[in-house]
Amino acid sequence: MSIFVSVVIPVKNDADGLRKTLGSLPVRDALEVIIIDGGSSDGTLDVISAQADRIRYWESGLDTGIADAMNRGVARAEGDYVAILNAGDVWLDRTLDLVMREAAENPTADVLHGTIEYAASDGRRHLVAPNVARLPRRMWVFHPTMFVSHKCYERLGGYDTSYRYAMDSEWCHRAIRSGARFHDVGEPLACMALGGQSDRNYVDALREYRRSVILHRLAGPCRAWLTYLTVRAGKTVLRLPYLGRLVSTLGRSGLARSSRHSG
């Protein structure tokens, strides 16, 4: 069977995260695994060595950052569709089968994507469904759930290395502007832990997002700045200990009421 999906895993000094990510991937002829390591000095290379029989290609210490690591992986990919999982992100049990089914039923789709499951540090998890129409305001297509056709990467190019945190957002903005066809599979595809680089450096990430939506004319400067200030204020509030706990408590209460009403 020819390779159908390539999964690119950028990693640096995250042996446990890489082990977790690899453990979520099925061993199938239709799947190839590519690892781009940023020059790890922990046990990451040991994890790669231990699972070398299921990794088609890996390299270490050659990339200049996350966007470059993604691009290097995509350039090596031979699959019809290419997915990118940061170390620590995982696929769900049915992910590959769902994607293969949806690709067969929607052969003109450039990007297959789905719902994301977020995992908080306290063990709580919640699902968020994608919404392409909201991309001019926030990143409502979730990178760990994205499967981009190889032809789409060839047409649009890879990730802009001038973006340190919002390179996936910029790529999606560029794809929308070019008329790429996004298709929501309608089901959860991946789980992602909160607290990554974009969360820790949210101000810089928001600035890059603002820059991208203006660049690709998805929003005018006034609207982009208003969104930036609104989202930044909201994230600042959530980081205040008392208000953050209050909002979290109200949110859980609202989710509980919603769950009861929808049953």
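Residues numbered from 1 in each chain as written. Predicted model: local features only at pLDDT ≥ 70, side-chain atom pairs only at ≥ 80, totals over all residues. Heavy atoms only, no water.

### Considerations on the confidence of the model for the protein chain
Of the residues in the protein chain, 86% have a pLDDT of 70 or more, and the chain-wide mean is 89. Scored below 50 in pLDDT, residues 250–263 shows one contact in the model against residues more than four places distant or in partner chains. (pLDDT = per-residue confidence, 0-100. Contact = heavy atoms within 4.5 Å.)

### Examining the nonpolar core
Ranked by internal contacts, the top residues of the largest apolar core, which has 35 residues, are Val 7, Leu 18, Leu 25, Ile 35, Trp 91 and Phe 147. Elements with a minimum of two residues in this core: β1 (5–11), α1 (15–23), β2 (31–37), α2 (44–50), β4 (81–84), α4 (95–105), β6 (111–119) and β9 (182–193). Excluding residues within four positions of it along the chain, Ile 35 makes contact with Ile 9, Val 11, Leu 18, Leu 22, Ile 48, Ile 55, Tyr 57, Trp 58 and Glu 59. Counting residues in each nonpolar core, the second largest holds 34 residues, with Ile 34, Ala 77, Met 146 and Cys 172 among its members. (Core = buried A, V, L, I, M, F, W, Y, C linked by side-chain atoms within 4.5 Å. Buried < 20%, exposed > 50% of the residue type's maximum accessible area, 1.4 Å probe, protein only. Helix = DSSP H or I, 4+ residues; strand = E, 2+ residues; numbered from the N terminus.)

### Some details on the pattern of salt bridges
A complete count under the given rule lists 13 salt bridges for this structure. In this structure, Asp 16 and Arg 19 form a salt bridge, with 3.0 Å as the shortest nitrogen-oxygen distance. Residue Asp 16 and its partner Arg 19 are located together in helix α1, separated by three residues, close to a single helical turn. With relative accessibility at 58%, the residue Asp 16 sits in the exposed group. Here Arg 19 falls in the partly exposed class, since its relative accessible area comes to 41%. (Salt bridge = Lys/Arg side-chain N within 4 Å of Asp/Glu carboxyl O.)

### Considering unusual backbone geometry
Despite not being glycine, Asn 13 has its phi angle at roughly 55°, a positive value. Within the secondary structure layout, Asn 13 lies in the loop between β1 and α1. Even without being glycine, Arg 217 reaches a positive phi, approximately 60°. Relative to the helices and strands, Arg 217 is located in the loop between α8 (202–215) and α9 (221–238).

### Re the state of the cysteines
One pass over the full model with this rule turns up zero disulfides. This cysteine, Cys 172, is not joined by any disulfide, and Cys 152 carries the nearest cysteine sulfur, 9.6 Å off. (Disulfide = S-S within 2.5 Å.)

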